[in-house]
Amino acid sequence: MTTITSVSREARLFDPPEAFAKAARIPNREAYEAMYKRSIEEPDAFWLELASELHWFQRPTQGLDYSNAPHAKWFADGTTNLAYNCLDRHLESARRNKAALIFEGEPGDVRVLTYQQLHREVCLFANVLRRLGVEAGDRVAIYMGMVPEAAIGMLACARIGAIHTVIFGGFAAEAVRDRVNDAQAKVILTQDGAWRRGSVVPLKANVDKALTETPCVRHTVVLRRTMNDIEMEAGRDHDWNDIVKSVDAKCPAPALPAEQPLFILYTSGTTGKPKGVLHTTGGYMVGAYASTKYVFDLKDEDVYWCTADVGWVTGHSYIVYGPLANGATCLMYEGAPNQPDPGRFWDIIERHRVSILYTAPTAIRAFVKWGDHYPLKHDLSSLRLLGTVGEPINPEAWMWYRRMIGAERCPIVDTWWQTETGGMMMTPIPGAIPTKPGSCTVPFFGVRPKVLREDGTEAGPNEGGLLVVERPWPSIMRTVWGDDQRFRDTYYTRFPPRDEEGKSWPIYFTGDGARRDEHGYFWVMGRVDDVVNVAGHRLGTAEVESALVAHRSVAEAAVVGRPDELKGQALVAFVTLKQGEVAGKTLKDALLEHVATEIGKFARPDDIRFTDGLPKTRSGKIMRRLLKEVAAGREVKGDMTTLEDFSVLAKLSKDDE
Ligand code: PRX
């Protein structure tokens, strides 16, 4: 691949609505340009100034420290506490009685926690963690659904300097086990079960299964939510509500170094093993705070709703840390968008008067499919800003979102970023930047993105290439937990460092393909490697392949993505069977079930095709590029000189199932 061919030529342009721009913090393009320029020319001063809007026990005097490149440090001589900034800071003002979290359960129960109440819950739980022997630097796994206690657990860890690793509640026991072991977590926070589409996801039972192979874990704390039967082992498992009663509510926030590790979040890589992306406190805090403030143009009276799960980075940065550091009112919804019917989101917006909605293209595509009639039934006039994240949004879904949900009144912020970047990297600033459907538009402050050709030269306008970021920003990941070499290899070896200003600057490779149009707008085209993005979940195909191959009937498997109207990408698995095994519906179902237990339901392939062989290179590498073409029903083209056996490809192309 020398360049990536881009076929999209979307030309519609929408100016920020006048009324919105007038009231916005950054009200026009010139104001954005001036701020952006300063953030690039004087990054240290720019970020130190933003940092000073937050509380520091010891004020930092240093911005970036890149003496150990590619490992960035930010604000390294400062001390702070993220939980203090999300909670205690607001107790000094009238915000103390403002709703911090408005929780709506899937069954319809609503619970509001003011800043004062949330502060108390976090202090109590921080003392619970200490009582269970958790100290600064220790790891705590959080395997929960979307309930306030998940946020309370995260904030309690942040308060005492413990490192949380949130494991998405859709993962199965095996995935929990691997992540807990990799992080060497001492404690797991979980629930009896989580509500999902009216049924109970048995979280504690999954933890019990994982616990048979996680010797590092000493305790679990179990929240009662669904009241299903669970087993509790005395001395090891504690009931959340009981143990909270046994501790004090006083828990002063200690001053922690800016580079205190904050969380590990596992994300799929190209090899089977997930990468533990490590973020630290000060830089991440300032990044999440500043992006939330400017991109959502938050006002004190907003009701802000991010529909992501806390198990993904969006939930970390834009449900918990960014909004709470800004003193916002955040809505948190526990369940599915179509429970009890596909109007649930619109009903929530109407009842809680939500003013900012941040969701994913995959959800928008599902709403389009379910029909206009659901949003039309509800009063959505409280909305003033819309956002999307997680994958490229197709222009028609964007147009539907703008018209049907935003009534052509709300700007849309299409925010491009990654688990690794900690916060938003490219996004419109809603009062300042005209938008184009499908483009994440321009860089956020301090971010220097470029589209490069394979040889490292910069791609021309509208020429597809590889997306990189020059220079570190505050919320960049610090390393891969337990595997620093992988951090360097994955992000910093694709392009050689560049010498500028008498220094050598490593280039961060995002793994995404992109193009920049004639107006300087960025269009992200998705992953260039074998990671696929299914319904906003970034999946390593290798992980799904290893799950399939773990089944006793399977010899070999190759999993690729195929464009899917609803999910962005759907998984297609090509499977060869062991001798004597019979292909057919029974086995197909068994394999789907198998992937669901190994990884989680969301990773089940949409299509399983049995085949006698897979197209491979002479050195034995599966040629996924060819399989992608077959899966998409396209004619297989391109370089095939390395293909070992042409007859395999001929057979694959006729889908004989
Ligand atoms: O391919 C890009 C896509 O999602 C990847 C990051 O996935 P993850 O680490 O799971 O984080 C998702 C939430 C930030 C990116 O490399 N992606 C994310 N947002 C966008 C996007 N692609 C296009 N447009 C976006 N707005």
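Computed from a predicted structure; not experimentally measured.

### Describing the pattern of salt bridges
Scanning the entire structure with this criterion turns up 44 salt bridges. The residue arginine 365 makes a salt bridge to glutamate 391 at a minimum N-O spacing of 3.1 Å. One end of the pair, arginine 365, is in helix 13 (residues 361-370); the other, glutamate 391, is in the loop between strand 19 (385-389) and helix 15 (395-405), and 26 residues separate them in sequence. Linking glutamate 500 and arginine 448 is a salt bridge whose minimum nitrogen-to-oxygen distance equals 3.9 Å. Remark: arginine 448 occurs in strand 21 (residues 448-452) and glutamate 500 occurs in strand 24 (residues 498-500); sequence separation between them is 52 residues.

### Points about the pairing of strand 27 (residues 522-527)
Note: strand 26 (residues 507-516) against strand 27, five bridges, orientation antiparallel. In the strand pairing of strand 27, arginine 516 is matched with phenylalanine 522. Following strand 26, the chain reverses through five residues before pairing antiparallel with strand 27; glycine 520 in that reversal takes a positive phi of roughly 85 degrees.

### Some thoughts on the sheet that holds strand 21
One open sheet accounts for four strands, arranged 21-22-26-27; its pairing is antiparallel. Strand pairing shows two members of the sheet lacking a second neighbour, strand 21 and strand 27, which therefore form its edges. Across the sheet, the mean angle separating the axes of adjacent strands is 45 degrees when strand polarity is ignored. Two elements, strand 22 (residues 465-470) and strand 26, share five bridges in a ladder whose sense is antiparallel. Its bridge partner lying in strand 26, glycine 465 is registered against alanine 514.

### What to know about the side chain of serine 39
Tracing the sequence through the fold places serine 39 in helix 2 (residues 29-41). The residues touching serine 39, leaving out its near neighbours within four places in the chain, are Phe46, Phe445 and Gly446.

### Thoughts on empty space enclosed by the protein
The full count for this structure, using the stated rule, is three cavities of 30 Å³ or more. Taken as a whole, the largest cavity holds about 70 Å³ of empty space. Trp47, Gly287, Met424, Phe444 and Ser475 are the residues nearest the centre of the largest cavity, which is lined by 13 residues in total. Its residues placed into classes, the lining of the largest cavity shows nine nonpolar, four polar and no charged. Here the second largest cavity defines a volume of roughly 50 Å³. Taken together, Val166, Ile167, Phe168, Phe171, Arg179, Leu265, Tyr266, Gly311 and Trp312 make up the full set of residues lining the second largest cavity. For the lining of the second largest cavity, a count of residues per class yields seven nonpolar, one polar and one charged.

### Describing the state of the cysteines
On inspection of all chains with the given rule, the structure shows zero disulfides. Unpaired in this structure, cysteine 216 has its nearest cysteine sulfur neighbour in cysteine 157, at a distance of 15 Å.

### Description of the layout of surface pockets
Within this model, the second largest pocket holds a volume of roughly 340 Å³. Along the walls of the second largest pocket sit 18 residues, with Pro43, Leu64, Arg471, Lys503 and Trp505 positioned nearest its centre. When contributions to the lining of the second largest pocket are tallied by element, the ones reaching two or more residues are helix 2, helix 3 (43-51), strand 1 (64-68) and strand 25 (503-505). Its residues assigned to classes, the lining of the second largest pocket shows nine nonpolar, three polar and six charged.

### Details of the packing of aromatic side chains
Evaluated as defined, the whole model comprises 38 aromatic pairs. Ring geometry for phenylalanine 168 against tryptophan 312: centres 4.6 Å apart, planes inclined by 35 degrees, an arrangement best described as tilted. Of this pair, phenylalanine 168 sits in the loop between strand 7 (163-166) and helix 7 (173-183) while tryptophan 312 sits in the loop between strand 16 (303-306) and helix 11 (313-325), and the two are 144 residues apart along the sequence. Each member of the pair, phenylalanine 168 as well as tryptophan 312, carries the same accessibility label: buried. Ring centres of phenylalanine 296 and tyrosine 318 lie 6.0 Å apart, and the angle between their planes is 80 degrees; on these two criteria the pair is classed as edge-to-face. Here phenylalanine 296, found in the loop between helix 10 (281-295) and strand 16, pairs with tyrosine 318, found in helix 11; they are 22 residues apart in sequence, far enough to count as distant. Each of the two residues, phenylalanine 296 as well as tyrosine 318, counts as buried. Grouping aromatic residues by their ring pairs yields a cluster made of Tyr32, Tyr36, Phe46, Trp47, Tyr294, Phe444 and Phe445. Taking NZ or CZ as reference, arginine 179 lies 4.3 Å from the ring centre of phenylalanine 171, over its face. The side chain of arginine 471 reaches across the aromatic face of tryptophan 505, ending 3.9 Å from its centre.

### So, the domain arrangement of the chain
Each assigned domain of the chain is listed here: domain 1 (1-81 + 286-527) and domain 2 (531-656). At the junction of the two partners, domain 1 supplies 10 residues and domain 2 supplies 11 residues. Roughly 930 Å² is buried in total at the junction of domain 1 and domain 2, and carbon and sulfur atoms are behind 48% of that figure. Three residues, Trp312, Arg365 and Arg527, lead the burial of domain 1 against domain 2; their summed loss comes to 50% of the area buried on that side. One can count zero salt bridges joining domain 1 with domain 2.

### Digging into the nonpolar core
By size, the foremost hydrophobic cluster in this structure holds 124 residues, and its most contacted members are Leu118, Phe125, Leu189, Phe296 and Tyr321. Judged by nonpolar contacts, the second largest core, of 39 residues, contains Ile188, Val532, Leu539 and Leu548.

### Section: unusual backbone geometry
Keep in mind that most residues, glycine aside, have a negative phi and that most peptide bonds are trans. Backbone torsion omega between alanine 69 and proline 70 reads 5 degrees, so that peptide bond is classified as cis. Going from glutamine 339 to proline 340, the amide bond is cis rather than trans, its omega being 0 degrees. The residue proline 340 is located in the loop between strand 17 (329-333) and helix 12 (344-352) in this model. You will see that arginine 353, though not glycine, has its phi angle at about 55 degrees, which is positive. Checked against the element boundaries, arginine 353 lands in the loop between helix 12 and strand 18 (356-359).

### What about the environment of isoleucine 608?
Checked against the element boundaries, isoleucine 608 lands in strand 32 (residues 607-610). Judged by its relative accessible area of 3%, isoleucine 608 falls in the buried class. Measuring from C-alpha to C-alpha, the distance between isoleucine 608 and aspartate 499 comes to 49 Å, with 109 residues separating the pair along the chain. In this structure, isoleucine 608 is in contact with Ala573, Val575, Lys588, Leu591 and Leu592, ignoring residues within four places of it in sequence.

### A word on helix 2
In this model, helix 2 (13 residues) spans 18 Å end to end at C-alpha, consistent with the 18 Å of a helix rising 1.5 Å per residue. Among the residues making up helix 2, those that are buried are Tyr32, Tyr36 and Ser39. Looking straight down helix 2, one finds its buried side chains confined to an arc of 60 degrees; they lie on one side. Exposed and oriented more than 90 degrees from the buried face of helix 2 are Glu30 and Glu41. Next to the buried residues of helix 2 lie helix 3 and strand 21.

Reading guide: rules and limits
Counting restarts for each chain, with residues numbered from 1 along the sequence as it is written. pLDDT decides what is reported in this predicted model: residues at 70 or higher carry local features, side-chain atom pairs at 80 or more are listed and counted, and totals for whole chains, interfaces and linings draw on all residues regardless. As a rule here, side-chain values cover all heavy atoms of the structure and leave hydrogens and water aside. Whenever a carboxyl oxygen of Asp or Glu lies within 4 Å of a side-chain nitrogen of Lys or Arg, that contact is scored as a salt bridge. Numbering of helices and strands runs from the N terminus, with a helix taken as a DSSP run of H or I at least four residues long and a strand as a DSSP run of E at least two residues long. Strands are treated as partners if at least two bridges between them are detected by DSSP. As a rule, the C-alpha atoms of each element are fitted with a line to give its axis, helices using only the stretch in contact, and angles between N-to-C directions run from 0 to 180 degrees. Any two residues whose heavy atoms approach within 4.5 Å at even a single point are treated as in contact. Definitions used throughout: a 1 Å grid over protein atoms alone; a cavity as a set of points that fits a 1.4 Å probe which cannot get out; a pocket as an open set with protein on both sides within 12 Å along at least five of seven lines; a lining residue as one with an atom within 4 Å of a point. Grid points are joined across faces, edges and corners, and a volume is the space filled by probe spheres set on the points. For this classification, the nonpolar set comprises Ala, Val, Leu, Ile, Met, Phe, Trp, Tyr, Cys and Pro, the charged set comprises Asp, Glu, Lys and Arg, and every other residue, Gly included, is treated as polar. In this description, a disulfide is simply a cysteine sulfur pair whose atoms lie within 2.5 Å. Pairing of aromatic side chains requires ring centres within 6.5 Å, counting the rings of Phe and Tyr and the six-membered ring of Trp. Pairs whose planes differ by under 30 degrees are stacked, by over 60 edge-to-face, and all others tilted. Partly exposed describes any residue whose relative accessible area lies between the buried limit of under 20% and the exposed limit of over 50%, with all areas from a 1.4 Å probe on protein chains only and scaled to the type maximum. Lysine and arginine charges are scored as sitting over a ring when NZ or CZ, respectively, is within 6 Å of the ring centre and within 35 degrees of the ring normal. How far each domain reaches was decided by an automatic or database domain assignment. By convention, the term buried area covers the 1.4 Å-probe accessible surface removed from two parts as they join, with the contributions of both added. Take the buried residues of types Ala, Val, Leu, Ile, Met, Phe, Trp, Tyr and Cys, join any two whose side-chain atoms come within 4.5 Å, and each joined set is a nonpolar core. Expected helix span is taken as 1.5 Å per residue step, with the number of steps being one fewer than the number of residues. The arc in question is formed by the directions pointing from the helix axis toward the C-beta atoms.

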